[in-house]
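Structural overview
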Amino acid sequence: WSVGDTIWTEIFTLTDNGEEVTDVTIDVTGAKDASGNNQEDYTPEAEFNIDTLNPSVTTVEVDTNPVYEGNLVQIVTVTFDETMLDDTTSDPAITFSAGTWTSSADGAYDGTDKIWTETFTLTDNNEEVTGVTIDVTGTKDASGNLQEDYTPEAEFDIDTIKRSEERRVGKE
């Protein structure tokens, strides 16, 4: 109780059930004043929202398959299932399973804050790799909930092997 016994404060801890609930109400019943009079009926109003639902990656798309000598640039587009935190503190970390990649540092969310696009350039290591995966980690939704773990899938191939031409000279 507060000084003057007019304000009751209680702290509740929410269990993280991975849910999203809007317009949560709180009903108050059973109180009595110092003279023993029952409280008047209170009509609950929406007090707050609950969001403990973790965001997840719905798709990862690339613009080049395969990445080859003539095009070492890969634009990666990641779509999330809800609005993400767009304040540069939790930008997605993009990790390739093969190759040496450099970000162009142009990663950004679109106007909905659900789609992240970033450009990468492959270092030409004269390699051939099939089924390169892209992992996405480190993001949070607009409520601050951490991203669910994403299971990478094969997105594209790399083929930067320099082919040599073999010529045979025969006797005539």
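Described in the following lines is the structure provided in the data block. Counting from 1, residues in each chain are numbered in the order their sequence is written. Local features in this predicted model are restricted to residues whose pLDDT is 70 or higher, and side-chain atom pairs enter the listing and the counts only when it is 80 or higher, whereas totals over whole chains, interfaces and linings include all residues. Calculated side-chain values reflect all of the structure's heavy atoms, with hydrogen atoms and water omitted.

Brief notes about the nonpolar core
Grouping buried Ala, Val, Leu, Ile, Met, Phe, Trp, Tyr and Cys residues that are joined through side-chain atoms within 4.5 Å yields what is termed a nonpolar core. For every residue, the accessible area (1.4 Å probe, protein chains only) is compared with the maximum for its type, and the residue is labelled buried under 20%, exposed over 50%, or partly exposed between those bounds. In this structure, Val 78 and Phe 96 are the most contacted members of the largest nonpolar core, which totals 22 residues. The residues touching Phe 96, leaving out its near neighbours within four places in the chain, are Gln 74, Val 76, Trp 101, Phe 120, Val 132, Thr 133, Ile 134 and Phe 156. Note on contacts: a residue pair qualifies if any of its non-hydrogen atoms lie within 4.5 Å across the two residues.

Describing the sheet that holds strand E6 (residues 93-96)
Pairing between two strands is assigned when DSSP locates at least 2 bridges connecting them. Helix and strand assignments follow DSSP, with helices taken as H or I runs no shorter than four residues and strands as E runs no shorter than two, numbered in order from the N terminus. On the basis of which strands lie adjacent, the open sheet formed by four strands has the order E4-E11-E10-E6 and mixed pairing. Edge positions in the sheet fall to strand E4 (67-68) and E6, since each of these pairs with one other strand and no more. Relative to strand E11 (residues 154-159), E4 is paired through two bridges, and the arrangement is parallel. Bridged to Tyr 68 within E11 is Asp 159.

A short note on the packing of aromatic side chains
Note on aromatic pairs: the rings of Phe, Tyr and Trp (six-membered ring only in Trp) are paired at centre separations within 6.5 Å, and the planes decide the class, stacked below 30 degrees, edge-to-face beyond 60, tilted for the rest. Tallying each qualifying case throughout the model produces six aromatic pairs. Measuring from centroid to centroid gives 4.2 Å for Phe 96 and Trp 101, while their planes differ by 15°, and the two rings are stacked. Taken as a pair, Phe 96 and Trp 101 share a single burial class, namely buried. Taken together, the ring pairs in this structure connect Phe 96, Trp 101, Phe 120 and Phe 156 into an aromatic cluster.

Observations regarding unusual backbone geometry
In this chain, Asn 65 is followed by Pro 66 through a cis amide linkage whose omega measures 0°. Considering the arrangement of structural elements, one finds Pro 66 in the loop between strand E3 (57-62) and E4. Despite not being glycine, Asp 23 has its phi angle at roughly 55°, a positive value. Structurally, Asp 23 is set in strand E1 (residues 20-25). The exposure class assigned to Asp 23 is exposed, which follows from its relative accessible area of 51%.

Quick word on the environment of Ala 105
One can find Ala 105 in the loop between strand E7 (101-103) and strand E8 (108-109). Sequence spacing of Ala 105 and Thr 121 is 16 residues, and the spatial spacing of their C-alpha atoms is 11 Å.

Overview of the pattern of salt bridges
A pair is scored as a salt bridge if a Lys or Arg side-chain nitrogen falls within 4 Å of a carboxyl oxygen belonging to Asp or Glu. On inspection of all chains with the given rule, the structure shows two salt bridges. Notably, a salt bridge pairs Glu 69 with Lys 162, separated by 3.6 Å at the nearest N-O pair. One end of the pair, Glu 69, is in the loop between E4 and strand E5 (73-80); the other, Lys 162, is in the segment after E11, and 93 residues separate them in sequence. Assessed through its relative accessible area of 36%, Glu 69 is described here as partly exposed. Overall, Lys 162 belongs to the exposed group, its relative accessible area being 52%. Across the salt bridge formed by Asp 124 and Lys 162, the nearest N and O atoms sit 3.6 Å from each other.

Interpretation note: all reported values are geometric properties and have no functional meaning in isolation.
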